[in-house]
Amino acid sequence: DVKVTQSSRYLVKRTGEKVFLECVQDMDHENMFWYRQDPGLGLRLIYFSYDVKMKEKGDIPEGYSVSREKKERFSLILESASTNQTSMYLCASSMGTNTDTQYFGPGTRLTVL
Amino acid sequence: GQSLEQPSEVTAVEGAIVQINCTYQTSGFYGLSWYQQHDGGAPTFLSYNALDGLEETGRFSSFLSRSDSYGYLLLQELQMKDSASYFCAVRDGTGFQKLVFGTGTRLLVSP
């Protein structure tokens, strides 16, 4: 059974803190993605990676960075958290040539106070 | 760029049939995907259409018309558990392996 896991289900941080969100997949997928989901705005892509150490900006990369040192792990970093980064963060993965089928993790609900 | 339009909310009763529409504008088209997301849950893949016509998977079917840049998800014999948000998605036209999602349609099924 395919599985994408995220390090935390709920997270509360303070403004200015550095925040790490971890995502691990066990399907040997090439592609990994970070989205944020806000009411009425759907899923918006922050960053994605199509190979180890490779990363590409999505639609809303400002204020975020990512790291992919191993194929199975993709980390999202908020360098200095702000209140407008309060959101649901979803990680996903897909096979190299079949990105239409993405497998999502359970999400991390991040609150920045 | 890519853009997708879907209704924000649809309501129906148990046992009924409901259709959720999606129109898209793309600079390059590979196919249309559908995802389901229950409140508090993760999106899960439902179906994918690359060619025109109807694809059936149990109670759910998905249709695509490439000439009309239009697709729909058809849910039959509705059950309470079908209450969820449904997202259509298309592949980004840049050639990278990423999707652009619609803003989602919230389906409310009542008894």
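Quick notes on the rules
Residues numbered from 1 in each chain as written. Chains lettered and ligands numbered in written order. Predicted model: local features only at pLDDT ≥ 70, side-chain atom pairs only at ≥ 80, totals over all residues. Heavy atoms only, no water. Helix = DSSP H or I, 4+ residues; strand = E, 2+ residues; numbered from the N terminus. Rg over C-alpha atoms; globule rule 2.2 N^0.38 Å. Buried < 20%, exposed > 50% of the residue type's maximum accessible area, 1.4 Å probe, protein only. Contact = heavy atoms within 4.5 Å. Lys, Arg positive; Asp, Glu negative; His and termini not counted. Charge placed at Lys NZ, Arg CZ, Asp CG, Glu CD. pLDDT = per-residue confidence, 0-100. Disulfide = S-S within 2.5 Å.

Trainee: Could you give an account of the overall build of chain A, naming the residues involved and the relevant values?
Mentor: Within chain A, the secondary structure is distributed over zero helices and 11 strands. Secondary structure elements in chain A, listed N-terminal to C-terminal, are β-β-β-β-β-β-β-β-β-β-β. A globule of 113 residues ought to have a C-alpha radius of gyration of about 13 Å, and chain A, at 13 Å, matches this closely. With the principal axes as the frame, chain A shows a C-alpha extent of 40 × 25 × 25 Å. Put simply, chain A has 113 residues, and 50% of those count as buried. Considering only residue pairs separated by 6 or more positions, chain A has 56% of its internal contacts joining residues 24 or more positions apart. The centroid of the 15 positive side-chain charges in chain A is displaced by 7 Å from the centroid of its 15 negative side-chain charges.

Trainee: Give me the confidence of the model for chain A: which residues, what numbers.
Mentor: Confidence in the prediction of chain A, expressed as mean pLDDT, is 94, and 98% of residues score 70 or more. The element-level mean pLDDT for chain A is lowest in strand β10 (residues 98-104) of chain A, coming to 86, with strand β8 (residues 73-78) of chain A highest at 98.

Trainee: Can you explain the state of the cysteines? Please cite residues and give values.
Mentor: What the rule picks out here adds up to two disulfides over all chains. The residue that forms a disulfide with Cys-23 of chain A is Cys-91 of chain A, at a sulfur-sulfur distance of 1.9 Å. Between Cys-23 of chain A and Cys-91 of chain A the sulfur-sulfur dihedral comes to about -75°; the bridge is accordingly left-handed. Residue Cys-23 of chain A is found in strand β3 (residues 19-25), and its partner Cys-91 of chain A is found in strand β9 (residues 87-95); the two are separated by 68 residues along the sequence. The exposure classification of Cys-23 of chain A matches that of Cys-91 of chain A, with both residues buried. Across the disulfide, Cys-22 of chain B is cross-linked to Cys-88 of chain B (sulfur-sulfur distance 2.1 Å). On the sign convention where negative is left-handed, the bridge of Cys-22 of chain B and Cys-88 of chain B, at about 80° about the S-S bond, is right-handed. Taken together, the positions of Cys-22 of chain B in strand β3 (residues 18-25) and Cys-88 of chain B in strand β9 (residues 84-91) put the pair 66 residues apart, joining distant regions of the chain.

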